[in-house]
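Topology and contacts: notes
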Amino acid sequence: MNSPASQAHAASGRASGPLTGTRIVEFAGIGPGPFACMMLADMGAEVVTLDRVGARKNLKSVAGRGRKVVEVDLKDKAASAQVLDLLGHADALIEGFRPGVMERLGLGPDVVMARNPRLVFGRMTGWGQEGPLAQAAGHDINYISVTGALAAIGTKDKPVPPLNLVGDFGGGALYLVVGVLAALLEAKKSGNGQVVDAAMCDGAASLMSMFFDMAAAGRWTDARESNFLDGGAHFYGAPARRTFRRRVRRADGSQGMAFAQAKTGGCVQDQNPQGVVQDHGRLRRLLRAGSDHERSARASAHGGAKDFRQPSRRHPACPGAAFFPHALVNPRGGDGGYSEPDE
(Lines give C-alpha, C1' and ligand atoms only; values in the text may rest on other atoms or scores of the structure.)
Protein backbone atom coordinates (compact mmCIF):
# COMPACT_ATOMS: atom_id res chain seq x y z
CA MET A 1 0.00 0.00 0.00
CA ASN A 2 1.34 3.41 -0.92
CA SER A 3 2.04 5.93 1.80
CA PRO A 4 -0.28 8.93 2.29
CA ALA A 5 2.48 11.19 0.97
CA SER A 6 2.92 9.26 -2.28
CA GLN A 7 -0.86 9.05 -2.81
CA ALA A 8 -1.18 12.77 -2.18
CA HIS A 9 1.48 13.64 -4.75
CA ALA A 10 -0.25 11.35 -7.25
CA ALA A 11 -3.45 13.29 -6.68
CA SER A 12 -1.92 16.52 -7.94
CA GLY A 13 -3.95 18.02 -10.75
CA ARG A 14 -3.80 21.11 -12.87
CA ALA A 15 -5.98 23.26 -10.68
CA SER A 16 -6.48 26.95 -11.36
CA GLY A 17 -7.23 29.78 -9.00
CA PRO A 18 -5.50 32.06 -6.49
CA LEU A 19 -4.48 29.12 -4.29
CA THR A 20 -2.95 27.04 -7.07
CA GLY A 21 0.15 25.34 -5.71
CA THR A 22 -1.07 25.53 -2.09
CA ARG A 23 -1.14 22.13 -0.38
CA ILE A 24 -3.71 21.56 2.35
CA VAL A 25 -4.17 18.42 4.45
CA GLU A 26 -7.65 17.87 5.87
CA PHE A 27 -8.39 15.48 8.72
CA ALA A 28 -11.84 14.16 7.82
CA GLY A 29 -14.81 15.42 9.77
CA ILE A 30 -18.34 16.65 9.19
CA GLY A 31 -19.98 20.03 8.74
CA PRO A 32 -17.79 23.14 8.75
CA GLY A 33 -14.42 21.43 8.17
CA PRO A 34 -15.32 19.82 4.83
CA PHE A 35 -17.17 22.96 3.76
CA ALA A 36 -14.10 25.11 4.49
CA CYS A 37 -11.88 22.72 2.52
CA MET A 38 -14.39 22.74 -0.33
CA MET A 39 -14.01 26.51 -0.58
CA LEU A 40 -10.22 26.30 -0.47
CA ALA A 41 -10.24 23.60 -3.15
CA ASP A 42 -12.56 25.73 -5.28
CA MET A 43 -9.93 28.47 -5.09
CA GLY A 44 -7.35 26.12 -6.55
CA ALA A 45 -5.73 24.55 -3.48
CA GLU A 46 -4.61 20.93 -3.61
CA VAL A 47 -6.53 19.33 -0.75
CA VAL A 48 -5.83 15.81 0.54
CA THR A 49 -8.31 14.36 3.05
CA LEU A 50 -7.11 11.80 5.57
CA ASP A 51 -9.99 9.54 6.61
CA ARG A 52 -10.24 6.45 8.79
CA VAL A 53 -9.77 3.05 7.21
CA GLY A 54 -13.04 1.66 5.85
CA ALA A 55 -14.84 5.02 5.93
CA ARG A 56 -15.74 4.75 2.25
CA LYS A 57 -16.19 8.47 1.88
CA ASN A 58 -18.85 9.52 -0.60
CA LEU A 59 -16.76 10.87 -3.46
CA LYS A 60 -19.85 12.45 -5.03
CA SER A 61 -20.49 14.67 -2.01
CA VAL A 62 -20.84 18.33 -2.93
CA ALA A 63 -18.86 19.48 0.11
CA GLY A 64 -16.28 16.76 -0.53
CA ARG A 65 -15.43 17.82 -4.04
CA GLY A 66 -12.02 18.81 -5.29
CA ARG A 67 -9.75 16.55 -3.26
CA LYS A 68 -8.16 13.15 -2.94
CA VAL A 69 -9.19 10.91 -0.02
CA VAL A 70 -6.55 8.74 1.65
CA GLU A 71 -7.58 6.19 4.29
CA VAL A 72 -5.14 5.90 7.17
CA ASP A 73 -5.12 4.61 10.76
CA LEU A 74 -3.91 7.59 12.78
CA LYS A 75 -3.43 5.40 15.87
CA ASP A 76 -0.82 3.34 14.03
CA LYS A 77 2.63 4.79 14.79
CA ALA A 78 3.96 3.89 11.36
CA ALA A 79 1.02 5.61 9.68
CA SER A 80 1.40 8.59 11.99
CA ALA A 81 5.02 8.96 10.87
CA GLN A 82 3.88 8.93 7.24
CA VAL A 83 1.34 11.63 8.01
CA LEU A 84 4.09 13.75 9.55
CA ASP A 85 6.07 13.38 6.33
CA LEU A 86 3.05 14.56 4.37
CA LEU A 87 2.57 17.55 6.67
CA GLY A 88 6.24 18.43 6.28
CA HIS A 89 5.45 19.47 2.69
CA ALA A 90 2.03 21.02 3.32
CA ASP A 91 1.10 24.70 3.57
CA ALA A 92 -1.92 24.25 5.83
CA LEU A 93 -3.73 21.70 7.96
CA ILE A 94 -7.47 21.65 8.76
CA GLU A 95 -8.86 19.59 11.66
CA GLY A 96 -12.15 19.60 13.53
CA PHE A 97 -11.54 17.22 16.43
CA ARG A 98 -12.24 18.06 20.06
CA PRO A 99 -9.48 19.92 21.86
CA GLY A 100 -6.55 17.66 22.72
CA VAL A 101 -7.25 14.90 20.18
CA MET A 102 -4.52 15.95 17.74
CA GLU A 103 -2.07 16.23 20.63
CA ARG A 104 -2.89 12.68 21.80
CA LEU A 105 -2.29 11.41 18.26
CA GLY A 106 1.16 13.00 18.29
CA LEU A 107 0.11 15.50 15.64
CA GLY A 108 -0.40 18.62 17.74
CA PRO A 109 0.81 22.08 16.67
CA ASP A 110 4.09 21.85 18.61
CA VAL A 111 5.10 18.59 16.95
CA VAL A 112 3.92 19.36 13.43
CA MET A 113 5.17 22.95 13.31
CA ALA A 114 8.56 21.86 14.60
CA ARG A 115 8.75 19.76 11.45
CA ASN A 116 7.31 22.48 9.22
CA PRO A 117 7.58 26.03 10.69
CA ARG A 118 5.64 27.55 7.78
CA LEU A 119 2.56 25.39 8.37
CA VAL A 120 -0.80 27.05 9.07
CA PHE A 121 -2.62 24.88 11.63
CA GLY A 122 -6.40 25.42 11.23
CA ARG A 123 -8.62 24.21 14.07
CA MET A 124 -12.42 24.10 13.97
CA THR A 125 -14.39 23.60 17.20
CA GLY A 126 -17.72 24.62 18.66
CA TRP A 127 -16.57 26.13 21.96
CA GLY A 128 -12.90 26.88 21.26
CA GLN A 129 -9.70 25.18 22.46
CA GLU A 130 -9.96 26.58 25.99
CA GLY A 131 -12.67 27.58 28.45
CA PRO A 132 -15.29 25.88 30.63
CA LEU A 133 -17.14 24.35 27.66
CA ALA A 134 -14.11 23.35 25.60
CA GLN A 135 -14.57 19.62 26.28
CA ALA A 136 -18.37 19.69 26.20
CA ALA A 137 -20.31 18.04 23.41
CA GLY A 138 -22.46 20.30 21.30
CA HIS A 139 -24.17 20.92 18.02
CA ASP A 140 -24.67 23.96 15.83
CA ILE A 141 -27.89 24.86 17.66
CA ASN A 142 -26.06 24.93 21.01
CA TYR A 143 -23.33 27.23 19.72
CA ILE A 144 -25.72 29.79 18.27
CA SER A 145 -28.06 29.72 21.27
CA VAL A 146 -25.48 31.16 23.68
CA THR A 147 -24.86 34.10 21.32
CA GLY A 148 -28.50 35.17 21.06
CA ALA A 149 -28.65 34.32 17.35
CA LEU A 150 -31.14 31.49 17.84
CA ALA A 151 -33.38 33.57 20.11
CA ALA A 152 -33.57 36.30 17.44
CA ILE A 153 -34.82 34.02 14.66
CA GLY A 154 -38.32 32.58 14.47
CA THR A 155 -41.91 33.38 15.22
CA LYS A 156 -43.34 35.17 18.22
CA ASP A 157 -44.13 31.80 19.79
CA LYS A 158 -40.71 30.14 19.58
CA PRO A 159 -37.28 30.30 17.94
CA VAL A 160 -36.80 28.46 14.66
CA PRO A 161 -33.44 26.77 13.94
CA PRO A 162 -31.97 28.41 10.79
CA LEU A 163 -30.75 25.01 9.54
CA ASN A 164 -27.04 24.90 10.45
CA LEU A 165 -26.17 27.91 8.35
CA VAL A 166 -25.37 30.33 11.18
CA GLY A 167 -23.10 28.16 13.33
CA ASP A 168 -21.51 25.45 11.21
CA PHE A 169 -21.11 27.33 7.97
CA GLY A 170 -21.41 31.06 8.65
CA GLY A 171 -19.82 31.30 12.08
CA GLY A 172 -17.56 28.29 11.61
CA ALA A 173 -16.36 27.43 8.11
CA LEU A 174 -16.26 30.97 6.71
CA TYR A 175 -14.33 32.36 9.67
CA LEU A 176 -11.90 29.44 9.46
CA VAL A 177 -11.32 30.10 5.76
CA VAL A 178 -10.68 33.80 6.37
CA GLY A 179 -8.23 32.98 9.17
CA VAL A 180 -6.38 30.38 7.11
CA LEU A 181 -6.08 32.70 4.12
CA ALA A 182 -4.75 35.50 6.32
CA ALA A 183 -2.26 33.13 7.96
CA LEU A 184 -1.08 31.87 4.54
CA LEU A 185 -0.37 35.46 3.50
CA GLU A 186 1.59 36.04 6.70
CA ALA A 187 3.55 32.80 6.27
CA LYS A 188 4.47 33.83 2.74
CA LYS A 189 5.91 37.12 4.02
CA SER A 190 7.54 36.04 7.29
CA GLY A 191 8.08 32.31 6.77
CA ASN A 192 6.28 31.58 10.03
CA GLY A 193 3.08 29.60 10.33
CA GLN A 194 0.54 29.92 13.12
CA VAL A 195 -2.46 28.28 14.71
CA VAL A 196 -5.88 29.49 13.52
CA ASP A 197 -8.46 28.65 16.20
CA ALA A 198 -12.01 29.12 14.88
CA ALA A 199 -14.89 28.53 17.30
CA MET A 200 -18.47 28.46 16.04
CA CYS A 201 -19.84 30.27 19.09
CA ASP A 202 -17.35 33.11 18.50
CA GLY A 203 -18.18 33.32 14.82
CA ALA A 204 -21.92 33.34 15.46
CA ALA A 205 -21.48 36.14 18.01
CA SER A 206 -19.49 38.11 15.43
CA LEU A 207 -22.26 37.66 12.87
CA MET A 208 -24.65 39.29 15.35
CA SER A 209 -22.57 42.51 15.49
CA MET A 210 -25.04 44.68 13.56
CA PHE A 211 -27.94 43.57 15.73
CA PHE A 212 -25.99 44.25 18.93
CA ASP A 213 -25.34 47.76 17.60
CA MET A 214 -29.02 48.31 16.80
CA ALA A 215 -30.10 46.98 20.20
CA ALA A 216 -27.68 49.35 21.94
CA ALA A 217 -29.09 52.24 19.90
CA GLY A 218 -32.67 51.31 20.80
CA ARG A 219 -33.52 50.23 17.26
CA TRP A 220 -33.90 46.52 17.98
CA THR A 221 -36.01 44.67 20.56
CA ASP A 222 -35.71 41.14 21.91
CA ALA A 223 -39.26 40.25 20.86
CA ARG A 224 -39.28 38.28 17.63
CA GLU A 225 -41.34 39.60 14.70
CA SER A 226 -41.11 43.10 16.16
CA ASN A 227 -38.20 44.37 14.07
CA PHE A 228 -37.83 45.17 10.41
CA LEU A 229 -35.49 42.23 9.65
CA ASP A 230 -37.14 39.47 11.70
CA GLY A 231 -40.60 39.45 10.13
CA GLY A 232 -41.92 42.54 11.84
CA ALA A 233 -42.16 44.41 8.55
CA HIS A 234 -44.66 43.26 5.96
CA PHE A 235 -42.04 43.49 3.21
CA TYR A 236 -39.56 41.22 4.99
CA GLY A 237 -41.28 37.94 5.64
CA ALA A 238 -43.01 34.96 4.10
CA PRO A 239 -46.73 35.50 4.77
CA ALA A 240 -49.39 32.92 4.00
CA ARG A 241 -50.92 33.79 0.69
CA ARG A 242 -53.96 32.99 -1.36
CA THR A 243 -53.57 32.44 -5.08
CA PHE A 244 -55.73 34.19 -7.65
CA ARG A 245 -55.61 34.31 -11.41
CA ARG A 246 -55.86 37.39 -13.56
CA ARG A 247 -55.96 37.76 -17.32
CA VAL A 248 -53.12 39.84 -18.69
CA ARG A 249 -52.06 41.19 -22.03
CA ARG A 250 -48.60 40.20 -23.18
CA ALA A 251 -46.11 42.45 -24.92
CA ASP A 252 -47.06 40.94 -28.29
CA GLY A 253 -50.73 41.79 -27.72
CA SER A 254 -51.90 38.24 -27.04
CA GLN A 255 -53.85 37.25 -23.96
CA GLY A 256 -52.61 35.07 -21.12
CA MET A 257 -53.28 34.17 -17.50
CA ALA A 258 -51.09 35.44 -14.67
CA PHE A 259 -50.90 33.76 -11.29
CA ALA A 260 -50.36 36.18 -8.43
CA GLN A 261 -50.04 35.79 -4.68
CA ALA A 262 -51.86 38.09 -2.29
CA LYS A 263 -52.70 38.52 1.35
CA THR A 264 -50.27 40.85 3.08
CA GLY A 265 -48.08 41.38 0.05
CA GLY A 266 -46.58 39.36 -2.75
CA CYS A 267 -45.09 39.12 -6.20
CA VAL A 268 -46.60 38.56 -9.60
CA GLN A 269 -45.58 35.43 -11.45
CA ASP A 270 -46.80 35.08 -15.02
CA GLN A 271 -47.27 31.60 -16.37
CA ASN A 272 -45.67 32.81 -19.59
CA PRO A 273 -42.34 34.66 -19.07
CA GLN A 274 -43.34 37.08 -21.84
CA GLY A 275 -46.51 38.14 -20.05
CA VAL A 276 -46.84 41.73 -18.87
CA VAL A 277 -49.45 42.84 -16.37
CA GLN A 278 -51.10 45.95 -17.77
CA ASP A 279 -53.58 46.82 -15.02
CA HIS A 280 -51.00 47.82 -12.42
CA GLY A 281 -53.40 50.00 -10.46
CA ARG A 282 -55.89 47.21 -9.79
CA LEU A 283 -53.17 44.68 -9.09
CA ARG A 284 -51.42 47.01 -6.64
CA ARG A 285 -54.65 47.49 -4.73
CA LEU A 286 -55.04 43.70 -4.54
CA LEU A 287 -51.52 43.31 -3.22
CA ARG A 288 -51.59 46.26 -0.84
CA ALA A 289 -50.52 44.94 2.54
CA GLY A 290 -53.02 44.55 5.34
CA SER A 291 -56.12 46.34 6.49
CA ASP A 292 -56.36 49.63 8.37
CA HIS A 293 -56.72 47.64 11.58
CA GLU A 294 -53.52 45.68 10.89
CA ARG A 295 -51.64 48.89 10.12
CA SER A 296 -52.73 50.50 13.36
CA ALA A 297 -51.77 47.41 15.35
CA ARG A 298 -48.35 47.26 13.74
CA ALA A 299 -47.69 50.94 14.34
CA SER A 300 -48.64 50.51 18.00
CA ALA A 301 -46.29 47.54 18.31
CA HIS A 302 -43.47 49.79 17.12
CA GLY A 303 -44.28 52.48 19.65
CA GLY A 304 -45.75 54.81 17.09
CA ALA A 305 -42.80 54.41 14.75
CA LYS A 306 -43.22 55.14 11.06
CA ASP A 307 -45.53 52.64 9.42
CA PHE A 308 -43.57 50.41 7.08
CA ARG A 309 -46.41 50.66 4.57
CA GLN A 310 -45.93 54.35 3.88
CA PRO A 311 -45.04 55.12 0.27
CA SER A 312 -41.29 54.97 -0.34
CA ARG A 313 -39.25 57.67 -2.06
CA ARG A 314 -38.10 55.29 -4.75
CA HIS A 315 -41.59 54.09 -5.62
CA PRO A 316 -43.95 56.78 -4.28
CA ALA A 317 -46.96 55.00 -5.70
CA CYS A 318 -46.17 51.81 -3.81
CA PRO A 319 -46.77 51.29 -0.09
CA GLY A 320 -43.28 50.44 1.14
CA ALA A 321 -42.16 47.36 -0.70
CA ALA A 322 -45.50 45.56 -0.72
CA PHE A 323 -45.46 45.66 -4.52
CA PHE A 324 -42.37 44.38 -6.30
CA PRO A 325 -42.16 45.76 -9.85
CA HIS A 326 -38.97 43.80 -10.53
CA ALA A 327 -41.08 40.64 -10.47
CA LEU A 328 -42.81 41.77 -13.65
CA VAL A 329 -41.35 41.36 -17.10
CA ASN A 330 -40.08 44.67 -18.44
CA PRO A 331 -41.55 45.02 -21.96
CA ARG A 332 -38.61 47.21 -22.95
CA GLY A 333 -36.03 44.64 -21.81
CA GLY A 334 -33.18 45.22 -19.40
CA ASP A 335 -33.05 44.96 -15.65
CA GLY A 336 -35.49 46.92 -13.56
CA GLY A 337 -37.40 49.98 -14.66
CA TYR A 338 -41.08 49.82 -15.51
CA SER A 339 -43.73 52.25 -16.60
CA GLU A 340 -47.08 52.34 -14.92
CA PRO A 341 -50.15 53.61 -16.79
CA ASP A 342 -52.15 56.42 -15.30
CA GLU A 343 -55.08 55.29 -13.21
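Before going into details, it helps to say that this report is about the structure given with it.

Each value, and the rule that gives it
Residues numbered from 1 in each chain as written. Predicted model: local features only at pLDDT ≥ 70, side-chain atom pairs only at ≥ 80, totals over all residues. Heavy atoms only, no water. Core = buried A, V, L, I, M, F, W, Y, C linked by side-chain atoms within 4.5 Å. Buried < 20%, exposed > 50% of the residue type's maximum accessible area, 1.4 Å probe, protein only. Helix = DSSP H or I, 4+ residues; strand = E, 2+ residues; numbered from the N terminus. Contact = heavy atoms within 4.5 Å. Axes fitted to C-alpha atoms, helices over the stretch in contact; angles between N-to-C directions. Parallel < 35°, antiparallel > 145°, perpendicular 65-115°, else oblique. Left-handed = near helix turned anticlockwise from the far one by under 90°. Nonpolar A, V, L, I, M, F, W, Y, C, P; charged D, E, K, R; others polar. Phe/Tyr/Trp six-rings, centres within 6.5 Å; stacked < 30°, edge-to-face > 60°.

What follows deals with the nonpolar core. Looking at soluble globular proteins, one finds that nonpolar side chains tend to be buried together. Core analysis: the largest hydrophobic core is formed by 25 residues, its most contacted members being Ile24, Val120, Leu176 and Val180. Counting residues per element, the ones that place at least two in this core are helix H2 (32-42), strand E4 (92-95), strand E5 (120-125), helix H7 (165-190), strand E6 (195-199) and helix H8 (200-207). Sorting elements by how many residues they give to this core places H7 first, with six residues. Not counting residues up to four positions away in its chain, the partners in contact with valine 180 are Ala92, Ile94, Val120, Gly122 and Val196. Counting residues in hydrophobic clusters, the runner-up holds 21 residues, among them Val25, Val72, Leu74 and Val83.

The contact between H2 and H7 brings their axes to 9 Å, and the two run at 45°. Overall, the two elements H2 and H7 adopt an arrangement that is oblique. When you trace H2 past H7, the crossing you get is right-handed. Residues Pro32, Phe35, Ala36, Met39 and Leu40 of H2 lie in contact with H7, whose contacting residues are Asp168, Phe169, Gly172, Ala173, Leu174, Leu176, Val177 and Leu181. Class assignment of the residues belonging to the contact of H2 with H7 gives a composition of 11 nonpolar, one polar and one charged.

Turning our eyes to something else, we now look at the packing of aromatic side chains. Under the criterion given, the structure shown has five aromatic pairs. An angle of 45° between the planes, with centres 4.9 Å apart, marks the rings of phenylalanine 35 and phenylalanine 169 as tilted. Residue phenylalanine 35 is located in helix H2, and its partner phenylalanine 169 is located in helix H7; the two are separated by 134 residues in the primary sequence. Note on tryptophan 220 and phenylalanine 228: the rings are 6.5 Å apart at their centroids and 75° apart in plane angle, and the pair reads as edge-to-face.

A word on H2. Within H2, eight of the 11 residues are buried, which leaves the element mostly enclosed by the surrounding structure. Buried residues of H2: Pro32, Gly33, Pro34, Ala36, Cys37, Met38, Leu40 and Ala41, and no others. Looking one or two residues past H2, glycine 44 carries a phi angle of roughly 105°, positive in sign.

Scope: geometric values only; no functional claims are made or implied.
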